[in-house]
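A look at the structure
What follows is the residue order along each chain.
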Amino acid sequence: MNGYDWTERREPAAPSSRVRIQSEPLPGAAAADSNGHRSVTPEAVFDAQDVSVFYGRKKALTGVSLRIRRGQITALIGPSGCGKTTFLRSLNRMNDSVPSFRIEGQVLYHGHDMYAGNVDRVEVRRRIGMVFQKPNPFPKSIYDNIAWAPRNLGLKHGLDERVEQALRGAALWDEVKDRLKDSALGLSGGQQQRLCIARAIAIEPDVLLLDEPASALDPIATASIEELMHSLKGRFTIVIVTHNMQQAARVADHTAFFSLDAATGEPSGTLVEFADTETIFAHPVDPRTRDYVSGRFG
Amino acid sequence: MSSGAIPDPSAPLTPSGNLRRRQIFSKATEYGATTAAILAIVVLGIVVYTVVARGAKALNLDFVFTAAPTGIGPELLGTGVIVLVATAIAMPLGVLIALFLTEYAGNRAAGPIRHTLDLMNGLPSIIIGLFIFGLLVDHKQQSGLAAAVALAIIELPLIARGSQEILLLVPNSMREAADALGVARWRSVLGVILPSALGGIVTSTVLAVARAAGETAPLIFASSVFDASRFSINPLEALPNVPVTIYTLSEEGNPEGFTQAWGLSLLLVSLILLASLGARALLARSKRKMAS
């Protein structure tokens, strides 16, 4: 994608564009602070341009355009079935395994078209890790859960340190350091989910996609996952799908509100509003956002 | 009361009309099904009892470990070699077929292959024997290897289908987890999916072995003219084996041979039973492991 220009500002349809302008300075400043070498322009890791997704004849997502900035946490919120997860899974091509999946529009990752013919899915996921709704540790030891992917990716040097770093990064080290050889299936749900996060960061991806990572956990485990996200921020770009609005408000720098839109006949998910989190929760522009965050629908 | 009408709510709550007939039918079905289930167990029980009762007489160490005329050691060894070679051929192929069906093929390709395997499973073994006779024995000579190829054809669909069922039990979340780590698919298959399914794959292989060990028809074509007086493990010559020997001994009309045939049958049944039970225990364990 040579034609891509970082200074170019695509202005998507209102109302999100108005909000975008309003929120612009904040992420820019933050990105400059945390990265230093990036001077003024906030760097977009993902730039989705008019993305629509189909499963067979059913349109699941319509015309989503949004930019996800480096080193920050972006939350995708909205009612069930509004395409949040579909959008998230389009960001590392996890949907490719769905037989009838089809995507329109463009997803640029650091300016490269992710769905170009020469793009390899394995390479995509090497850089864009994902953590799922239900903890899914491998039926292996705690150590092997973390070490498996680095081993297979040729990162065999200093494997023990890598495992320790990943577990420390996921705030799990102190709880499991004495039983690394035990089965991961013996951990509690919250520990399993942190193990999955540790497994994802062990290969040092650029981006972490989290698909409702705390929805299967109790409030205490949820709190530890949220704390973890704060500590991972900056090192990784994080995109999180969540049902829980408070969670989005607590962890995210930017929030995208998705909803079902029946305007074009068959209802399909679409992006309603995207802005910094404070704006979405305190001064939403779109009435649908206002209704949703105030609990009047959804 | 006409059918379909709501019954008088004040009538006693005992069965009336149509319901009484349905209850009789229901009872009859229940008893029929129970009887059929008991019958299956009874038939197995009679067979096992007869084999044990008549075969136990023949069993002693000499019988198991020496060659003809006193023992059937070479036959046990020969069947072991033939089944081993057959499994060495059928297991890798079967597992690869199962992997193709579950990990690589789409629905359109998997369906016909699955049906083909089921058809193959129903193929009469005498036809497989004839096929192998034409292919590997006619104009050449009988050999343990020819017998093994025939048994491999019998084992293949059992192993492939059994392994496929087990691979389908591996939760999709494991595949997603592995995919999301940016590891190539074949490494995920080797490192995560196959190990999770290993117990079940071994089980279906053992069950296939148990089935193949007793197959007689292909062996009559491929390995029936042998020298039972010496031990051999050379698969390039006809190997003494259990099923054919059971057949020839019981055809001899010599009471001692008949007893030996029963003894050999008892050994075969015990081995197969042991293998099946072990396999089932293994399968239960691996299913438990996957569920947790």
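Definitions and limits used
- Residues numbered from 1 in each chain as written.
- Chains lettered and ligands numbered in written order.
- Predicted model: local features only at pLDDT ≥ 70, side-chain atom pairs only at ≥ 80, totals over all residues.
- Helix = DSSP H or I, 4+ residues; strand = E, 2+ residues; numbered from the N terminus.
- Contact = placed C-beta atoms within 7 Å.
- Rg over C-alpha atoms; globule rule 2.2 N^0.38 Å.
- Buried ≥ 20, exposed ≤ 12 C-beta atoms within 10 Å, placed from the backbone.
- Arc of directions from axis to C-beta.
- Pairing = 2+ DSSP bridges.
- Axes fitted to C-alpha atoms, helices over the stretch in contact; angles between N-to-C directions.
- Parallel < 35°, antiparallel > 145°, perpendicular 65-115°, else oblique.
- Left-handed = near helix turned anticlockwise from the far one by under 90°.
- Nonpolar A, V, L, I, M, F, W, Y, C, P; charged D, E, K, R; others polar.
- Right-handed = clockwise from strand over helix to strand, strands pointing away.
- pLDDT = per-residue confidence, 0-100.

As for the overall build of chain A
In terms of regular secondary structure, chain A is built from twelve helices and ten strands. For chain A, long-range pairs separated by at least 24 residues make up 70% of all intrachain contacts whose partners lie at least 6 apart in sequence.

Description of the overall build of chain B
For chain B, the helix and strand inventory stands at eleven helices and zero strands. Counting helices and strands in the order they occur from the N terminus, chain B gives α-α-α-α-α-α-α-α-α-α-α. Computed over its C-alpha atoms, the radius of gyration of chain B comes to 26 Å, more than 25% above the 19 Å expected for a compact globule of 292 residues. A total of 292 residues make up chain B; the buried ones form 38% of that total. For chain B, restricting intrachain contacts to residue pairs at least 6 apart in sequence, the fraction spanning at least 24 positions comes to 79%.

Looking at unusual backbone geometry
Of note, Glu212(A) is a non-glycine position whose phi angle comes to about 45°, a positive value. Secondary-structure assignment places Glu212(A) in the loop between strand 7 (207-211) and helix 9 (219-232).

Considerations on helix 5 (residues 125-137) of chain B
Residue and element names in this part refer to chain B. Every buried residue of helix 5 is accounted for by Ile128, Gly129, Ile132, Leu136 and Val137. Along the long axis of helix 5, the arc covered by the buried residues comes to 105°, so they all point the same way. Of the exposed residues in helix 5, those oriented more than 90 degrees away from the buried face are Ile127 and Gly134. In this structure, the buried side of helix 5 is in contact with helix 6 (144-169) and helix 9 (217-222). Positive backbone phi, approximately 65°, marks His139, located one or two places after helix 5.

Things to note about the interface of chain B and chain A
Between chain B and chain A, the residue contacts involve 17 residues of the former and 20 residues of the latter. Counting only elements with at least two residues in the side of chain B that touches chain A, the list comes to helix 7 (172-179) and helix 8 (185-213) of chain B. Per element, the largest residue contribution to the side of chain B that touches chain A is five residues, and it comes from helix 7 of chain B.

Points about the sheet that holds strand 7 of chain A
Residue and element names in this part refer to chain A. One open sheet accounts for ten strands, arranged 5-4-1-2-10-9-3-8-7-6; its pairing is mixed. In the strand order of this sheet, the two ends are held by strand 5 (112-113) and strand 6 (128-131), each with one partner. Judged from the eight bridges that link them, strand 1 (residues 44-55) and strand 4 (residues 101-109) form a sheet pairing that is antiparallel. Opposite Tyr55, over in strand 4, you have Phe101 as the bridge partner.

Structural notes on the packing of helix 3 (residues 73-104) of chain B against helix 8 of chain B
If you want to describe how two helices pack, look at the angle between their axes and the distance between the axes. Residue and element names in this part refer to chain B. Relative to each other, helix 3 and helix 8 sit at 140°, their axes nearing to 9 Å. Classed by the angle they form, the pair helix 3 and helix 8 counts as oblique. The handedness of the crossing between helix 3 and helix 8 comes out as right-handed. For the pair helix 3 and helix 8, the contacting residues are Thr79, Val83, Ala86, Thr87, Ala90, Met91, Val95, Leu99 and Glu103 in the first and Val189, Ile193, Ile201, Thr205, Ala208, Val209, Ala212 and Ala213 in the second.

Here's the deal with the environment of Leu277(B)
Within the secondary structure, Leu277(B) is located in helix 11 (residues 255-291). Distance from Leu277(B) to Val206(B), taken between C-alpha atoms, is 9.8 Å for residues 71 residues apart in sequence.

Here we look at the packing of helix 4 (residues 107-121) of chain B against helix 6 of chain B
All names here are of chain B. Orientation of helix 4 relative to helix 6, taken along the N-to-C sense of each, is 140°, at an axis distance of 8 Å. Of the possible angle classes, the one that applies to helix 4 and helix 6 is oblique. Considering how the two elements wind past one another, helix 4 and helix 6 form a crossing that is left-handed. Counting all contacts with helix 4, which are made through Leu117, Met120 and Asn121, the residues of helix 6 involved are Leu156, Pro157, Leu158, Ala160 and Arg161. For the contact of helix 4 with helix 6, the residue count by class is six nonpolar, one polar and one charged.

What about the pairing of strand 7 of chain A?
Residue and element names in this part refer to chain A. Within strand 7, five of the five residues are buried, which leaves it mostly tucked inside the rest of the structure. The alternating pattern of strand 7 places Val207, Leu209 and Asp211 on one face and Leu208 and Leu210 on the opposite face, and all of these are buried. One ladder, built from four bridges, connects strand 6 with strand 7; its direction is parallel. Bridging across to strand 7, Gly129 finds its partner in Leu208. Across five bridges, the pairing between strand 7 and strand 8 (residues 237-241) is parallel. Along strand 8, the bridge assignment pairs Leu208 with Ile238. For the crossover from strand 7 across helix 9 to strand 8, the handedness is right-handed.

Re the confidence of the model for chain A
Do not read the fine detail of predicted coordinates wherever pLDDT is low. All names here are of chain A. Of the residues in chain A, 85% have a pLDDT of 70 or more, and the chain-wide mean is 83. The element-level mean pLDDT for chain A is lowest in helix 1 (residues 16-23), coming to 37, with strand 8 highest at 95. The low-confidence segment residues 1-41, where pLDDT is below 50, has 55 contacts with residues more than four positions distant or belonging to other chains.

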